[in-house]
Each structure stands twice: as structure tokens, then as C-alpha cells.
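Single-letter residue listing:
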Amino acid sequence: MPRFKTAVVLITAPNRTEAENIGRALLEKRLAACVQYENIVSQYVWMGETCRDDEIRITVKSARSLFKKVAKTVRARSSYDCPQILMLPVSGGSKDYLRWLRAQLAL
């Protein structure tokens, strides 16, 4: 069995309702052990224009092996043409927390 590798996935959504819809789907599918929501302001260039938007950042605690399924679930529920879906590998953490996280993901 391959070693369990934790990951954090950062996603953005235009509003709390969509963010919680995405988060709930990830939890129900056991693709996330924990989902957090934060209000943020994003500035970016889109189609040659500088944009500024209020958004919700979704921080997902998951596993590297589940990233493709996480991304597919997000794309199916996101209203964005090009949603932010970034996986950040985790290099360490509390053994108790990582054990809990793995159990929640049924891995």
C-alpha cells in the first residue's frame, strides 16, 4: 500500500453559497476531511483586464491521491470558467491530526 500523502487544496468561489456547495460535496464524497471558508479580495488579470473581486477561499484538507477527483468535483460545481484549484503538498503535521484526516478520507 502506498504511503499516505496529505495535501491542502485551495479553491476560490464567487460567494458563500457556491463555496459551501463545493465543500459539502467534497465532504460527502469523502474527498475532504475538513473544509474551511474565508472571505478574501482577489486581484488578477482576466482576458487582458485587471479585475478585483470579493471571493471565498476554500481550504480543503485532503490527500494527494484524491486530487483528480477533488478537481473534477469542483469543476462540476463551480460557476467560474477557470476555477482556481491548487494542490499544495503537506510535508508534515501532527501525527494525531494526520491519523484523523486519513480516517475521514477512508484511506
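Quantities reported herein were computed from a predicted structural model and do not represent experimental measurements.

**Here's the deal with the pattern of salt bridges**
Side chains carrying opposite charge are able to pair once their charged atoms draw close together.
Part 1 of the argument: Counting across every chain of the model gives three salt bridges.
Part 2 of the argument: Two residues, Glu20 and Arg16, come together in a salt bridge whose shortest N-O distance is 4.0 Å. Here Glu20 and its partner Arg16 are both found in helix H1 (residues 16-28), four residues apart, which amounts to about one turn of the helix.
Part 3 of the argument: With relative accessibility at 34%, the residue Arg16 sits in the partly exposed group.
Part 4 of the argument: Where Asp96 meets Arg99, a salt bridge forms, and the shortest distance between an N and an O atom there is 2.6 Å. Of the two residues, Asp96 and Arg99 are both situated in helix H3 (residues 95-104); the distance of three residues between them amounts to about one turn of the helix. Across the pair, Arg99 and Asp96 agree in class, each one exposed.

**Focus on H1**
Part 1 of the argument: Its 13 residues give H1 an end-to-end C-alpha distance of 18 Å, which sits within 8% of 18 Å, the value for a rise of 1.5 Å per residue.
Part 2 of the argument: Against the buried residues of H1 lie strand S1 (6-13), strand S2 (34-46), strand S3 (49-63) and helix H2 (67-77).
Part 3 of the argument: The opening residue of H1, the one whose side-chain oxygen lies 3.2 Å from the backbone nitrogen of Thr17, is Asn15.
Part 4 of the argument: Looking one or two residues past H1, Arg30 carries a phi angle of roughly 60 degrees, positive in sign.

**A word on the environment of Ile56**
Part 1 of the argument: Residue placement: Ile56 occurs in strand S3.
Part 2 of the argument: Overall, the relative accessible area of 5% leaves Ile56 in the buried class.
Part 3 of the argument: For Ile56, the contacting residues outside a window of four places in its chain are Ile11, Thr12, Ala13, Asn15, Arg16, Ala19, Tyr37, Glu38, Asn39 and Ile40.

**Section: the sheet that holds S3**
Part 1 of the argument: The strand order across the open sheet built from four strands is S2-S3-S1-S4, with neighbouring strands paired in antiparallel fashion. Of all the strands in the sheet, just S2 and strand S4 (85-89) have a single pairing partner and so form its edges. Across this sheet, the average inter-strand angle for adjacent strands is 30 degrees, counted without regard to direction.
Part 2 of the argument: Two strands pair when backbone bridges link them, and S2 and S3 are joined in this way by 13 bridges, in the antiparallel orientation. Opposite Gln43, over in S3, you have Arg52 as the bridge partner.
Part 3 of the argument: Relative to S2, H1 is tilted by about 130 degrees, and along the sheet it contacts S1, S2 and S3.
Part 4 of the argument: Docked against the sheet, H2 engages S1, S3 and S4, running at close to 155 degrees with respect to S4.

Definitions and limits used
Residues numbered from 1 in each chain as written. Predicted model: local features only at pLDDT ≥ 70, side-chain atom pairs only at ≥ 80, totals over all residues. Heavy atoms only, no water. Salt bridge = Lys/Arg side-chain N within 4 Å of Asp/Glu carboxyl O. Helix = DSSP H or I, 4+ residues; strand = E, 2+ residues; numbered from the N terminus. Buried < 20%, exposed > 50% of the residue type's maximum accessible area, 1.4 Å probe, protein only. Expected span 1.5 Å × (residues − 1). Contact = heavy atoms within 4.5 Å. Polar contact = N/O pair within 3.5 Å; in protein donor to acceptor, adjacent residues only side chain to side chain. Pairing = 2+ DSSP bridges. Axes fitted to C-alpha atoms, helices over the stretch in contact; angles between N-to-C directions.

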